[in-house]
Amino acid sequence: MKALALAILGIFLVVLLYAEGDLPDRGDPEAPASMHVSPYYIERSLSDTRTPNLVTAVLADYRGYDTLGETVVIFAAGLASALVLLRGRGNRDT
Amino acid sequence: MIHRYQGVVVELVSRAVVPAIQVFALYIITHGHYSPGGGFQGGALLAASILLLRFTQGRKESYRRFPPGAGFALAALGLLIFLLVGLASVARGGSFLDYAYLPWPWASPETLRYYGILVVEAGIALTVWGTLVVVFDQVGTRTRDV
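Our subject in this report is the structure included herewith. Every chain is numbered independently, its residues counted from 1 as its sequence is written. Whichever chain is written first becomes A and whichever ligand is written first becomes 1, with later ones labelled in order. pLDDT decides what is reported in this predicted model: residues at 70 or higher carry local features, side-chain atom pairs at 80 or more are listed and counted, and totals for whole chains, interfaces and linings draw on all residues regardless. Values shown for side chains rest on all heavy atoms present in the structure; no hydrogens or waters enter the calculation.

**Focus: the overall build of chain A**
Going by this rule: Put simply, DSSP H or I for four residues or longer makes a helix, DSSP E for two residues or longer makes a strand, and each gets a number counted from the N terminus. Atoms considered for the radius of gyration are the C-alpha atoms alone. The globule rule reads 2.2 Å times the number of residues to the power 0.38. Only protein chains enter the accessibility calculation, which uses a 1.4 Å probe. A residue is then buried if its area is under 20% of the maximum for its type, exposed if over 50%, and partly exposed in between. All accessible areas in this document rest on Shrake-Rupley with a 1.4 Å probe, and a residue is counted as covered only by the protein chains that are shown.
Counting its regular elements, chain A contains 5 helices and 0 strands. Going residue by residue from the N terminus, the α and β elements of chain A occur as α-α-α-α-α. Since a compact globule built from 94 residues should have a radius of gyration of about 12 Å, the 23 Å found for chain A marks it as more spread out than a globular shape. Projected onto its principal axes, the C-alpha coordinates of chain A cover approximately 60 × 60 × 15 Å. The buried share of chain A, reckoned over its 94 residues, is 21%. Of the roughly 7100 Å² of accessible surface on chain A, 67% is carried by carbon and sulfur atoms.

Set out below in structure tokens:
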């Protein structure tokens with residue numbers, strides 16, 4: 001069983017190493033990830049939002065919907081964990 | 001877990017440090033436009049200040065400063081602010097969360113986006129703050145005083 005797991009891991013390692021050769025270099029301006037919307041954000045965020053911090057502009061404006069989802073997730077997780085932990089404590093006032 | 005710590009140094013130092021943490025948290029939230037920071041980080045700092053109160057000031061005093069139910073209210077209020085900002089821009093004919101359409105017609109779109117980001121960050125901070133304190137209160141009051 002252990003040998004099988006090791007073999008699977010070895011095959012997976014080979015696959016990953018093979019695929020790694022095709023990845024673009026880090027920070028490559030010609031990479032697909034840098035060609036789509038990134039240039040627009042970098043060039044226009046200051047004039048669009050008056051916000052020098054590009055990260056904040058992307059987080060709260062261009063990707064505001066995503067951030068709304070994150071906030072909902074945090075709220076729901078906190079609420080759910082509180083409800084689970086409250087269970088079994090009767091009706092006592094916290 | 002939550003009982004007054006018997007030590008004058010810890011108590012006095014925490015009393016001095018808590019407001020400093022909270023002011024710094026406000027700086028982190030409002031300065032997110034210009035430096036690393038924003039709602040998530042500032043909210044975590046605000047929660048940390050309340051947890052420090054819980055650890056050092058005892059149940060009675062810290063519950064007087066921040067009631068255990070207030071976390072729920074803050075978290076819901078923060079989320080509500082975020083949603084209302086999004087819906088306000090819909091009301092003026094823009095897309096959801098397009099701050100350029102906030103109901104403040106005499107400001108330029110860039111300025112509206114600037115302030116929209118600020119309000120949304122404040123909402124995020126409230127949600128993170130309330131949620132973290134709520135989770136701590138539920139976990140932290142369990143072990144003792146049942």
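**Focus: the side chain of R54(B)**
Residues and elements named next belong to chain B. Selection criterion: What qualifies as a polar contact is a pair of N or O atoms within 3.5 Å, subject to a donor-acceptor requirement within protein and to the restriction that residues adjacent in sequence count only when both atoms come from side chains.
Position of R54 among the secondary structure elements: in helix 2 (residues 39-65). In this structure R54 comes out as buried when scored by relative accessible area, which is 1%. Within polar-contact distance, the side chain of R54 engages the backbone oxygen of S62 at 3.2 Å.

**Things to note about the side chain of T49(A)**
All names here are of chain A. Tracing the backbone shows T49 in helix 3 (residues 38-49). Of the residues examined, T49 reaches a relative accessible area of 0% and is grouped as buried. At 2.7 Å, the side chain of T49 and the backbone oxygen of S45 are in polar contact.

**Remarks on a nonpolar patch on the surface**
Put simply, the test is: Patches here are clusters of residues that have more than 30% relative accessible area and form no salt bridge, with a 9 Å joining cutoff for like charges and a 5 Å cutoff for nonpolar side chains (Val, Leu, Ile, Met, Phe, Trp, Tyr). Just to be clear on terms, a salt bridge is a Lys or Arg side-chain nitrogen sitting within 4 Å of an Asp or Glu carboxyl oxygen.
A cluster of nonpolar side chains, V8(B), V9(B), L12(B), V13(B) and V17(B), forms an exposed patch at the surface whose accessible area comes to about 430 Å². Inspection of the secondary structure assignment puts V9(B) in helix 1 (residues 8-30).

**Comments concerning the pattern of salt bridges**
Residue and element names in this part refer to chain B. One pass over the full model with this rule turns up 7 salt bridges over all chains. The closest approach of N and O atoms between D137 and R54, which form a salt bridge, is 2.9 Å. Of the two residues, D137 sits in helix 4 (residues 109-140) while R54 sits in helix 2, which places them 83 residues apart along the sequence. Each of the two residues, D137 as well as R54, counts as buried.

**Side note on the layout of surface pockets**
Where empty space is left can be seen by rolling a probe of water-molecule size over the atoms. For the record, the criterion: For each structure, a 1 Å grid was placed over the protein atoms alone; sets of points admitting a 1.4 Å probe that cannot get out are labelled cavities, open sets with protein on both sides within 12 Å along at least five of seven lines are labelled pockets, and lining residues have an atom within 4 Å of a point. Grid points are joined across faces, edges and corners, and a volume is the space filled by probe spheres set on the points. Here the term charged refers only to Asp, Glu, Lys and Arg, the term nonpolar to Ala, Val, Leu, Ile, Met, Phe, Trp, Tyr, Cys and Pro, and the term polar to all other amino acids, Gly among them.
By volume, the largest pocket is sized at about 170 Å³. Lining the largest pocket are D48(A), D61(A), Y62(A), R63(A), G64(A), Y65(A), D66(A), F96(B), L97(B), D98(B) and R113(B). At the level of secondary structure, the elements contributing two or more residues to the lining of the largest pocket comprise helix 4 (54-62) and helix 5 (64-86) of chain A. Grouping the constituent residues of the lining of the largest pocket by class yields 4 nonpolar, 1 polar and 6 charged.

**Some details on the packing of aromatic side chains**
Residues and elements named next belong to chain A. Defined as follows: Paired rings are identified among Phe, Tyr and Trp, the last through its six-membered ring, by centres lying within 6.5 Å, and are further divided according to the angle between planes into stacked (under 30 degrees), edge-to-face (over 60) and tilted (the rest).
In total, this model carries 9 aromatic pairs over all chains according to the counting rule given. Seen from their ring centres, Y40 and Y41 are 6.4 Å apart, and the 65° between their planes marks the pair as edge-to-face. Take Y40: its relative accessible area is 38%, and that puts it in the partly exposed class. Ring geometry for Y40 against Y62: centres 6.2 Å apart, planes inclined by 75°, an arrangement best described as edge-to-face. One end of the pair, Y40, is in helix 3; the other, Y62, is in helix 4, with 22 residues separating them in the sequence.

**Focus: the nonpolar core**
Residue and element names in this part refer to chain B. Convention followed: The criterion is simple. A nonpolar core is a set of buried Ala, Val, Leu, Ile, Met, Phe, Trp, Tyr and Cys residues joined through side-chain atoms within 4.5 Å.
Core analysis: the largest hydrophobic core is formed by 16 residues, its most contacted members being F82, Y99, V120 and I124. Sort the elements by how many residues they give to this core and helix 4 lands first, with 5 residues. By size, the runner-up hydrophobic cluster in this structure holds 13 residues, among which are V18, I50, F66 and W129.

**Structural notes on the interface of chain A and chain B**
Basically, it comes down to this: Contact between two residues is taken to exist if any of their heavy atoms lie within 4.5 Å; hydrogens are not considered. Buried area: the sum, over both parts, of the accessible surface (1.4 Å probe) that disappears when the two are put together.
Taken together, the 30 residues of chain A in the interface contact 35 residues of chain B. Carbon and sulfur atoms supply 68% of the area that chain A and chain B bury against each other, a total of about 2800 Å² over both sides. On the chain A side of the interface with chain B, the three residues burying the most area are R50(A), L68(A) and F75(A), jointly 20% of the side's total. Its salt-bridge partner being D61(A), residue R113(B) comes within 3.7 Å of it at the nearest N-O pair. Counting the contacts that link chain A with chain B gives 7 residue pairs in polar contact (both at pLDDT 80 or more). Contributions of two or more residues to the side of chain A that touches chain B are made by helix 3, helix 4 and helix 5 of chain A. Per element, the largest residue contribution to the side of chain A that touches chain B is 15 residues, and it comes from helix 5 of chain A. Class assignment for the residues of the side of chain A that touches chain B results in 13 nonpolar, 11 polar and 6 charged.

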